Amino acid sequence: IASPTFNVIVVTMAFSLLPFYLAATKMLLTLAIVLVAVPLICRTLPKRQLQVADASVDSCIINPVQAGANRAENLGHGILGFLRDFLQDFWYIARMTVPLMILAGFLGATVATFVPFEHLTDVQVNIATLLIVALVGIFAPVPMAFDIVLAAVLLNGGLPVGLVMVLLMTLGSFSIYSFMIVSQTISSKAAMLVAAAIVATGVAGGIGTELYSNWKAEQVLKTLGRAFDGFSLVSPAHAEEAVTFKSDGKNSGLVMTSAGFAGRSPAAEKLFTRMEAWHRGIDRPNKFSMKSMFTPFNFTPGSVAAADIDNDGDDDVIVSSIDNVEGIFIFMNDGTGNFAKRPFDVPGLAGKVIFNTAPADIDNDGWIDLYVATYLEGNFWLRNNNGEFDAGSLKPITNQPNALVSLVAGFGDLDRDGYLDLALGNHQGTRMGRLPTERDENRIVFNDLGRLSGDRFFTVPAEYGDTLSILFSDFNMDGLLDYAEANDFNQPDNFFFGDGKGGLKKITRQDGIVPVTTHTTMSIKTADLDNNGKMEMLLSQIAGTADNMTNRLLTRPWAESCSDIERPDDRTACQANIDIRSWYRLGVFSLDLNSVGNCAAMPEEEMRECKAMIMRDIAVKQNRPKLCERIRDQFIRQKTHCRTMFESKKEPKGLIYENDIPQIRGRNVLLTPGEDGKFVDIAKAAGFDIGGWSWDVKAIASANSELQDVIIFNGFWGLQEVSPSKIYLRNKGSLKFANQTRESGFEDYAIVGSAAAADFDNDGDIDMVAASENGPLIAYWNNNQDSNAIKVELRDQAGNRFGIGSKIRIFYGENESRMQVRELQLSGGFGSYDAPYIHFGLAHHAAVSRIEVDWSTGQKDTLSGPFPANRTYRIERAAQATN
């Protein structure tokens with residue numbers, strides 16, 4: 001009993017991983033068992049059961065051998081005797097322990113399979129539940145210190161503190177193994193009494209800690225109600241140069257124009273130069289603060305998009321922000337890759353919390369409109385009127401009636417009517433392990449001839465979850481647009497084949513087409529990575545973090561997160577948020593009054609937000625939904641999030657969703673299509689499997705080579721002691737990648753979840769702008785000097801104007817021996833929207849001989865060249881075009 005509790009390592013772990021009062025209670029109750037319960041038990045046992053060996057018998061004397069009374073035992077006899085005794089003792093231990101180990105493994109697997117852990121937070125603490133947990137704990141044989149680790153995990157996962165305390169006492173103190181040893185060496189009565197004493201002590205400890213936890217919560221609530229200048233959370237809610245080409249004759253309505261690239265950007269030591277984006281005129285304040293410390297706010301730096309808003313030939317930048325003072329930032333490009341902020345004044349969006357802003361020509365007038373997703377206040381689209389956003393044109397898009405936020409969105413012409421349809425990826429914002437509700441149902445909204453109202457839609461027919469990425473892409477290259485959605489945690493990812501008429505057919509586990517997906521999927525992308533004309537599929541997730549960092553990742557200490565931020569104000573804001581993380585960890589609240597004191601030290605606005613956060617945490621931690629109503633309405637984020645934690649959850653249909661595709665943890669997935677049309681996961685062999693806390697993924701010809709490299713944007717809030725750099729994977733061919741993060745200039749430890757790729761300075765290579773979660777926006781400027789490229793734009797009068805969903809193939813080299821294919825996508829990343837054109841790297845090749853276009857509406861066209869490299873080509877199809 002004492003050894004597994006008072007071992008110095010176990011004691012250190014207990015006070016490091018658990019709240020002080022839990023660790024201290026475990027130590028004190030163990031002392032009580034050893035110093036009080038055991039002596040009392042001994043008084044009830046017959047004296048003979050307590051006798052030790054006779055002291056007059058010295059078992060260490062070597063007995064004379066039978067062959068001669070005066071001859072001492074020789075070395076051979078000693079060795080044989082040792083082996084005999086060793087094997088007897090080993091057999092004793094094996095027959096006693098191995099069956100128990102097998103039993104423990106079986107029982108552990110049974111519990112892990114059948115116990116609904118997602119409901120742990122709903123378990124009520126009473127004598128019955130305490131006793132059941134105590135009996136399970138007293139039976140289960142576990143390794144030393146496992147009780148501490150398991151208790152810490154369950155506590156942070158939401159198990160009531162009383163039940164955690166019972167497990168702390170019973171798991172680490174006794175087991176069926178100990179019971180059998182005591183039974184054989186002393187008596188079964190002694191074993192039963194010791195077990196009963198530990199069960200009783202564990203139950204008593206559970207009752208005591210639960211009562212203490214409730215009392216502590218009430219003290220915090222009282223303090224919240226009376227402190228800080230009379231502000232109270234418990235009062236009632238208040239009211240409140242161009243050359244023209246013709247096609248090869250198949251389509252007289254097809255016209256191409258071209259223009260040369262600008263001069264190369266200055267040479268640099270590495271391929272990319274990482275800089276804070278304000279050096280280029282792209283800037284916003286760092287507003288990440290206390291009110292954004294919970295899901296989904298705590299991992300959303302804002303969406304980033306690249307698009308030519310004013311049709312002047314260069315790409316502008318649109319950034320969203322969850323700061324409800326200024327939620328949308330527009331930065332206009334002067335043509336050289338330098339930007340100026342444009343005022344954005346749309347009264348209908350003022351004061352709203354903006355999660356996502358996507359550029360899409362919704363009405364097919366040739367001007368990029370905006371789709372906007374807000375928290376709690378719905379989704380909208382805003383028309384672009386000749387380069388200016390028309391505030392009076394703001395229109396709502398109907399979503400699920402109770403949806404909190406459409407965290408992600410994707411655009412594609414699913415029904416081939418020539419207009420972009422919208423997929424809404426909804427997210428309820430609850431934490432790990434919580435089952436989804438109907439709020440999470442995703443929806444396809446059809447575009448009615450330029451009217452995106454939401455009136456015509458269908459609900460995606462799949463198990464829904466908290467969606468982090470949506471993709472429209474032709475997975476199987478049959479010419480029809482397909483659809484996928486990536487869900488966080490336990491809910492499965494969903495893949496569908498499209499029928500070209502707006503319908504979807506789900507790809508099931510039994511089809512064997514998609515063998516596996518990631519468990520915490522954050523981004524789904526498709527790209528032809530080996531130039532064989534077929535699409536690979538890249539799925540990113542939490543892949544190589546705290547406990548399995550590899551030498552393939554560059555890392556630095558988390559404490560240095562703000563050290564390389566240039567401007568003092570930005571650095572100060574960053575550090576303030578890091579400091580909050582030192583005592584407030586992702587909503588894990590230990591009901592410590594010191595946390596209220598930490599709130600008091602904040603500026604007034606932050607202090608009030610902090611108090612609302614604590615109230616929310618108490619409600620969740622103590623399973624007290626009524627406390628949610630004591631949060632004032634002005635703190636709508638906290639109040640809504642609190643309420644959703646107690647909503648009726650969608651029950652699983654079975655222990656395994658038997659038709660859904662299996663998920664894996666801990667690494668990324670790279671699927672390549674086989675000859676039979678079925679995908680194969682090659683992530684490990686390709687070198688794509690490890691990516692840190694992976695968010696958005698880009699596949700681009702970054703050095704204007706003929707193959708697309710892969711860039712992984714990653715990072716998260718301080719859940720580990722080290723933070724990984726972004727990752728640059730150089731495509732070596734044959735679906736093999738080499739990590740060249742440092743050599744490429746992509747070493748960067750900022751928390752980056754979303755990024756937009758475009759040729760911002762028109763020099764023929766791809767640059768990127770990214771949103772940092774706790775710092776300034778970041779630019780990654782491409783310094784390519786030698787390799788050639790072309791860009792291809794589409795303007796379609798017969799389909800959606802920018803050709804989203806179309807595929808472009810180029811042929812070049814001797815006898816057209818080389819080919820590349822790319823698909824125009826406006827979806828797939830996490831809050832990331834790249835410029836709507838295709839960039840092809842050509843390496844040393846000086847021209848393209850032929851360009852083929854598979855239009856989004858199903859027709860095909862071919863244009864014969866040659867088309868010289870280092871130019872942008874725009875292909876325009878007339879409205880009456882037919883093939």
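Parameters and conventions
- Residues numbered from 1 in each chain as written.
- Predicted model: local features only at pLDDT ≥ 70, side-chain atom pairs only at ≥ 80, totals over all residues.
- Heavy atoms only, no water.
- Helix = DSSP H or I, 4+ residues; strand = E, 2+ residues; numbered from the N terminus.
- Buried < 20%, exposed > 50% of the residue type's maximum accessible area, 1.4 Å probe, protein only.
- Areas by Shrake-Rupley, 256 points an atom, 1.4 Å probe, with all protein chains shown as cover.
- pLDDT = per-residue confidence, 0-100.
- Contact = heavy atoms within 4.5 Å.
- Pairing = 2+ DSSP bridges.
- Axes fitted to C-alpha atoms, helices over the stretch in contact; angles between N-to-C directions.
- Core = buried A, V, L, I, M, F, W, Y, C linked by side-chain atoms within 4.5 Å.
- Polar contact = N/O pair within 3.5 Å; in protein donor to acceptor, adjacent residues only side chain to side chain.
- Expected span 1.5 Å × (residues − 1).
- Bend = angle between axes of the 7 residues up to and from the residue.
- Phe/Tyr/Trp six-rings, centres within 6.5 Å; stacked < 30°, edge-to-face > 60°.
- Lys NZ or Arg CZ within 6 Å of the ring centre and 35° of its normal.
- Patch = residues over 30% accessible without salt bridge, like charges linked within 9 Å, V, L, I, M, F, W, Y side chains within 5 Å.
- Salt bridge = Lys/Arg side-chain N within 4 Å of Asp/Glu carboxyl O.
- Disulfide = S-S within 2.5 Å.

Asks: I'd like a description of the overall build of the chain, backed by residues and values.
Replies: Check the secondary structure of the chain and you find 15 helices and 45 strands. Classification of the 883 residues of the chain by burial places 58% in the buried group. With an accessible surface of roughly 35700 Å², the chain has 57% of that area assigned to carbon and sulfur atoms.

Asks: Let's hear about the confidence of the model for the chain: which residues, and what values?
Replies: On average, residues of the chain carry a pLDDT of 85, and 88% of them reach 70 or more. Summarising per-element confidence for the chain, the mean pLDDT is lowest in strand β1 (residues 243-246) (51) and highest in strand β39 (residues 807-812) (98). Predicted confidence is poor over residues 227-243, with pLDDT under 50, and the contacts of this stretch with residues over four places away or in other chains come to 41 contacts.

Asks: Which residues make up the sheet that holds strand β24 (residues 536-540), and what values do they have?
Replies: Strands sit in the order β23-β24-β28-β29 across an open sheet of four strands; the sheet is antiparallel. The open sheet terminates on both sides in strands that have one partner only, identified here as β23 (523-527) and β29 (679-681). With strand direction ignored, the average angle separating the axes of adjacent strands in the sheet is 20°. By the bridge criterion, five bridges tie β23 to β24 in an arrangement that is antiparallel. Along β24, the bridge assignment pairs K525 with L538.

Asks: How would you sum up the sheet that holds strand β41 (residues 832-833)? Please name residues and give values.
Replies: The strand order across the open sheet built from five strands is β7-β6-β5-β4-β41, with neighbouring strands paired in mixed fashion. Both outer strands of the open sheet, β7 (339-342) and β41, are each paired with one neighbouring strand and no more. Two strands pair when backbone bridges link them, and strand β6 (residues 328-333) and β7 are joined in this way by four bridges, in the antiparallel orientation. In the sheet register, N333 faces β7, and the bridge partner there is F339.

Asks: How would you sum up the nonpolar core? Please name residues and give values.
Replies: In this structure, M290, F355, I444, Y483 and W695 are the most contacted members of the largest nonpolar core, which totals 54 residues. Secondary-structure elements contributing two or more residues to this core are α9 (188-226), β14 (405-412), β18 (467-473), α11 (593-600), α12 (604-621) and β30 (692-700). Per element, the largest residue contribution to this core is eight residues, and it comes from α12. The residues contacting W695, other than those within four sequence positions of it, are F299, L468, M522, S523, S540, F713, N714, G715, F716, V752, G753 and F830. Within the second largest apolar cluster, 42 residues are counted, among which are L154, V164, V166 and L171.

Asks: I'd like to hear about the environment of K726, residue by residue, with values.
Replies: Here K726 is to be found in the loop between β32 (722-724) and β33 (727-733). Remark: the alpha-carbon pair of K726 and L554, spanning 172 residues in sequence, is separated by 8.3 Å. The contact partners of K726, leaving out residues within four places of it in the chain, are I712, F713, N714, T741, F746, D748, Y749, A750, V752 and Y780. A polar contact of 3.4 Å, which involves the side chain of K726, links it to the backbone oxygen of N714. At 2.4 Å, the side chain of K726 and the backbone oxygen of A750 are in polar contact.

Asks: Explain helix α3 (residues 20-43) to me, and be specific about the residues and the numbers.
Replies: With 24 residues, α3 extends 34 Å from end C-alpha to end C-alpha; this agrees with the ideal 34 Å at 1.5 Å per step. Maximal helix bending in α3 amounts to about 35°, located at I33. Residues of α3 that are buried: Y21, L22, A23, A24, K26, M27, L29, T30, I33, A37 and I41.

Asks: Could you give me a rundown of the packing of aromatic side chains, with the residues and numbers involved?
Replies: Taken as a whole, this structure holds 27 aromatic pairs when the rule is applied. Measuring from ring centre to ring centre gives 5.1 Å for F272 and F746, while their planes differ by 80°; the resulting arrangement is edge-to-face. Of this pair, F272 sits in strand β3 (residues 272-276) while F746 sits in the loop between α15 (741-744) and β35 (752-758), and the two are 474 residues apart along the sequence. Each member of the pair, F272 as well as F746, carries the same accessibility label: buried. Each ring, one from F867 and one from Y873, has its centre 5.5 Å from the other, and the planes form 70°; the classification is edge-to-face. The exposure class assigned to Y873 is buried, which follows from its relative accessible area of 0%. Here the aromatic cluster, defined as three or more aromatic residues joined through ring pairs, consists of F272, F713, Y728, F746 and Y780. For R280, the ring lying beneath its charged end belongs to W781, and the centroid distance is 4.0 Å. Taking NZ or CZ as reference, R443 lies 3.6 Å from the ring centre of F457, over its face.

Asks: Go over a nonpolar patch on the surface, please, and point to the residues and values.
Replies: Together, L75, I79, L80, F82, L83, F86, L87 and F90 line one region of the surface with nonpolar side chains, adding up to about 870 Å² of accessible area. Along the chain, F90 falls in helix α4 (residues 75-114).

Asks: Just give me the short version of the pattern of salt bridges, but keep the residues and values in it.
Replies: Under the criterion given, the structure shown has 36 salt bridges. Close ionic contact of K506 with D660 constitutes a salt bridge, the shortest N to O distance being 2.4 Å. Placement of K506 in strand β21 (residues 504-506) and of D660 in the loop between α13 (636-644) and β27 (663-664) is noted, with a sequence separation of 154 residues between them. Taking the relative accessible area as the measure of exposure, K506 reaches 22% and is therefore partly exposed. Here R667 and D681 are joined by a salt bridge, their closest N and O atoms 2.7 Å apart. Here R667 is found in the loop between β27 and β28 (669-673), whereas its partner D681 is found in strand β29, with 14 residues between them in sequence. Within the structure, one salt-bridge network assembled from shared partners comprises K525, D696, K698 and D834.

Asks: Kindly report on the state of the cysteines, identifying the contributing residues and their values.
Replies: Tallied over the entire structure, the rule returns three disulfides. The disulfide partner of C562 is C574, and the S-S distance across this bridge is 2.0 Å. Torsion about the S-S bond of the C562 and C574 cystine: about -80°, corresponding to left-handed handedness. One end of the pair, C562, is in the loop between β26 (555-557) and α10 (568-583); the other, C574, is in helix α10, with twelve residues separating them in the sequence. Per residue, the accessibility class of C562 equals that of C574, and both read buried.

Asks: Describe the environment of G858, listing the residues and the values that go with them.
Replies: Positionally, G858 belongs in the loop between β43 (847-854) and β44 (860-868). Its relative accessible area of 36% is what places G858 among the partly exposed residues. A C-alpha to C-alpha distance of 8.6 Å links G858 and S806, two positions 52 residues apart in sequence.

Asks: Can you explain the pairing of β39? Please cite residues and give values.
Replies: Among the six residues that make up β39, six are buried, leaving the element largely enclosed by the rest of the structure. Alternating positions in β39 separate into two faces, K807, R809 and F811 on one and I808, I810 and Y812 on the other, with burial throughout. Here β39 runs beside strand β40 (residues 818-823); their pairing, made up of six bridges, is antiparallel. Across the sheet, K807 pairs through a bridge with E823, a residue of β40. Here β39 folds back onto β40 in antiparallel fashion, the turn holding five residues, of which G813 has a positive phi close to 85°. With five bridges joining them, β39 and β43 adopt antiparallel strand pairing. For F811, the partnering residue across the bridge sits in β43 and is R850.

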